[in-house]
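# A closer look at the structure
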Amino acid sequence: MLNLIIVLAVILILAVIFTAYRVTTLVDVVKKKKKEDGYVSKNNSLQGALMIVFLVVGIFGFFYFSMVEYDNYNLPIASEHAVITENLFWITMAVTVFVFIVTQIFLFGFGWKYRYKESNTAHYYPHNNKLEMIWTLVPAVVLAWLIISGLKQWNVITGPAPENAEVIEVMGYQYAWAFRYPGKDGELGDYDFRKIDAINSMGIDLADQNGHDDFMPTQLVLPKGKPVLLKIRGRDVIHSVYNPHFRMQMNAVPGMPTQFWFTPTVSTAEMREITENPDFNYELVCNKICGKSHYGMKGIITVLEQDEYDAWYKENQENSFLKMNPDYISQVPEDLKEAAKIAAGIENIEKEQKVTTAASSSK
């Protein structure tokens, strides 16, 4: 309550100061209205000078904070395509910063140069074909080159992935991430949004036998040095699959599946050494404002060496969704149930239960 009172008091004080300034200005105008050319503020030159000061301080501050905070906004690169993306970013940054500074110099410089003076006279300058051609064609050529360069890379990372790519499904929903990996058959099964419930969060369609051995870990685990194809979708609103180290961003749109492929080049363990942070983890975050708990929508990405990834994959594929939730066998078509039990590993559980029951009975 005290903070609110302080804020209101500050606002009221500022309002009073502004009102007093306006009143004194209007009184000054009335007093000097006798001039035929109208009223010119006595602060005219001061305001022009302040524009130059603002220009210099602004440009200095821009470069100063850009250099001081460089390590905070330019994170280490951890994927192959990120090198190209980074180059495109800095080329774009160089072009836009150059244009920005030049235009600001003209903007504030003209404010100073053409401030009111009794000796100044206007010059009628209606048209210049050469000037218009220059400021139309040059930006058009530069922007076209930047866009085409970016589009070429975009078409690569959103196009067909290499044949040996690891295929993983990622789904965003309010307010978490779900991941699905193919099992031993190496193929993800179909999904159906009508199958989504509290347990089957991704709507795995068990009528498709390719999905009988799919498994759903709690985090995204990737192999270092191998292409990874992310099959991306959203369940409710638009989310965005984003990680700055991989220079990866792709919207997760309900009803419109998207994809993004890349090759991780730095494992989590290596990045911990690079950042000198033993607790470092790659994070998968949503950079769309997707609702009131958007801020908490964060997943962990772990990048492992190939042999470590193979061991992790082998261990986790034994925990298929159907095996962990055997009640869902009822959703499997009758003619596929036996094959589904074998693919999911349910048959092994039933055999172990029978052996255990027989051993107990003999005692």
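Our subject is the structure listed above.
Parameters and conventions
Residues numbered from 1 in each chain as written. Predicted model: local features only at pLDDT ≥ 70, side-chain atom pairs only at ≥ 80, totals over all residues. Heavy atoms only, no water. Phe/Tyr/Trp six-rings, centres within 6.5 Å; stacked < 30°, edge-to-face > 60°. Buried < 20%, exposed > 50% of the residue type's maximum accessible area, 1.4 Å probe, protein only. Helix = DSSP H or I, 4+ residues; strand = E, 2+ residues; numbered from the N terminus. Lys NZ or Arg CZ within 6 Å of the ring centre and 35° of its normal. Pairing = 2+ DSSP bridges. Axes fitted to C-alpha atoms, helices over the stretch in contact; angles between N-to-C directions.

## Regarding the packing of aromatic side chains
- What the rule picks out here adds up to 21 aromatic pairs.
- On the basis of an interplanar angle of 80° and a centroid distance of 5.1 Å, the ring pair of phenylalanine 62 and phenylalanine 63 is categorised as edge-to-face.
- Given the relative accessible area of 36%, phenylalanine 62 is considered partly exposed.
- Among the residues examined, phenylalanine 63 registers a relative accessible area of 36% and is labelled partly exposed.
- Seen from their ring centres, tyrosine 181 and tyrosine 313 are 6.3 Å apart, and the 65° between their planes marks the pair as edge-to-face. Placement of tyrosine 181 in the loop between β2 (176–180) and β3 (220–223) and of tyrosine 313 in helix α7 (residues 306–316) is noted, with a sequence separation of 132 residues between them. This pair shows no difference in class: tyrosine 181 is buried, exactly as tyrosine 313 is.
- Aromatic rings pair up to connect Tyr181, Phe215, Tyr309, Trp312 and Tyr313 into one cluster.
- We note arginine 194 situated over the ring of phenylalanine 193; from NZ or CZ to the ring centre the distance is 6.0 Å.
- Here arginine 233 stacks its cationic end above the ring of tyrosine 191, 3.6 Å away from the centre of that ring.

## Details of the sheet that holds strand β6 (residues 248–252)
- The strand order across the open sheet formed by 5 strands is β3-β9-β8-β5-β6, and the pairing between neighbours is mixed. Of all strands in the sheet, those with a lone pairing partner are β3 and β6, marking the two edges. Direction aside, neighbouring strands of the sheet carry axes that sit 25° apart on average.
- For strand β5 (residues 239–243) and strand β8 (residues 282–286), the ladder comprises 2 bridges, and the chain directions are antiparallel. When the sheet's bridge partners are listed, valine 241 is paired in β8 with cysteine 286.

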